[in-house]
Amino acid sequence: MLKVLKTLRWAQPVRALSAVTATSGTQAHVSPTTPVPEPDKLYSKLEIEMRGIDPAVLKSYTWFATTAAEHLGIEKGKCWSPRKAHHERMTLLKSVHIYKKHRVQYEVRTHFRYMNFHKLTGSTLDTFLEYIERNLPEGVALQASRTELQQVPEHLRQPPEQV
């Protein structure tokens, strides 16, 4: 499955007769241009934070995302949620001008859920994130942060000179 996704990503339309020059007689020189593919980026970790008001919806969406990751061959890390929700209370006056003692309280509870995925390529990560973002249920917010692997710069690879 991953090989198919990788080959589809790099398949770009290439014009076979992009540079046709007429030479002597009826011969034509054809030089096809082939794009040089960039190496795919590597990511060590993808951290996903989900927020919502219904913990059952968050739990169901976590199951959906982990199942999608298994089908794409992504290594799943920890999935957890804090026991208590974040409470935000607002106290408002019932009347605008008088009756200062009469108030109303409103409360919003926000539940959180966290998921980690490890060892991803750039194309797999983009495909996975697009898929789970398109199927995001109502009332759920998603925040994803990725950690990219990079090569060590050349000036840091060489050992320090002995003094």
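Parameters and conventions
- Residues numbered from 1 in each chain as written.
- Predicted model: local features only at pLDDT ≥ 70, side-chain atom pairs only at ≥ 80, totals over all residues.
- Heavy atoms only, no water.
- UniProt positions renumbered as here; feature names shortened; annotations may be inferred.
- Axes fitted to C-alpha atoms, helices over the stretch in contact; angles between N-to-C directions.
- Helix = DSSP H or I, 4+ residues; strand = E, 2+ residues; numbered from the N terminus.
- Parallel < 35°, antiparallel > 145°, perpendicular 65-115°, else oblique.
- Left-handed = near helix turned anticlockwise from the far one by under 90°.
- Contact = heavy atoms within 4.5 Å.
- Nonpolar A, V, L, I, M, F, W, Y, C, P; charged D, E, K, R; others polar.
- Patch = residues over 30% accessible without salt bridge, like charges linked within 9 Å, V, L, I, M, F, W, Y side chains within 5 Å.
- Areas by Shrake-Rupley, 256 points an atom, 1.4 Å probe, with all protein chains shown as cover.
- Salt bridge = Lys/Arg side-chain N within 4 Å of Asp/Glu carboxyl O.
- Buried < 20%, exposed > 50% of the residue type's maximum accessible area, 1.4 Å probe, protein only.
- Polar contact = N/O pair within 3.5 Å; in protein donor to acceptor, adjacent residues only side chain to side chain.

The protein appears in an unreviewed UniProt entry as Small ribosomal subunit protein uS10m from Drosophila rhopaloa. Listed in UniProt under the heading Sequence similarities (unreviewed entry), the comment for the protein reads: "Belongs to the universal ribosomal protein uS10 family."

Participant: Can you help me understand the packing of helix H2 (residues 55–72) against helix H3 (residues 122–134) in this one?
Facilitator: For any two helices packed against each other, the geometry comes down to the angle between their axes and how far apart the axes lie. With their axes 11 Å apart at the nearest point, H2 and H3 run at an angle of 150° to one another. Relative to H3, the element H2 is oriented roughly antiparallel. Between H2 and H3 the crossing geometry is right-handed. Together, Tyr61, Phe64, Ala65, Ala68, Ala69 and Leu72 of H2 and Phe128, Tyr131, Ile132 and Glu133 of H3 make up the contact between the two elements. Here the contact of H2 with H3 is composed, by residue class, of nine nonpolar, no polar and one charged.

Participant: What exactly am I supposed to notice about a nonpolar patch on the surface here?
Facilitator: Residues Ile53, Met90, Leu92, Tyr106 and Val108 make up a contiguous nonpolar surface patch of about 480 Å² in total accessible area. At the level of secondary structure, the elements contributing two or more residues to the nonpolar patch comprise strand S5 (86–93) and strand S6 (103–121). Take Val108: it is sitting in strand S6. Residue classification places Val108 among the partly exposed residues on the basis of a relative accessible area of 35%.

Participant: Help me understand the environment of Arg103, please; the structure alone is not making it clear to me.
Facilitator: By secondary structure assignment, the location of Arg103 is in strand S6. Among the polar contacts made by the side chain of Arg103, one reaches the main-chain carbonyl oxygen of Lys100 at a distance of 3.3 Å.

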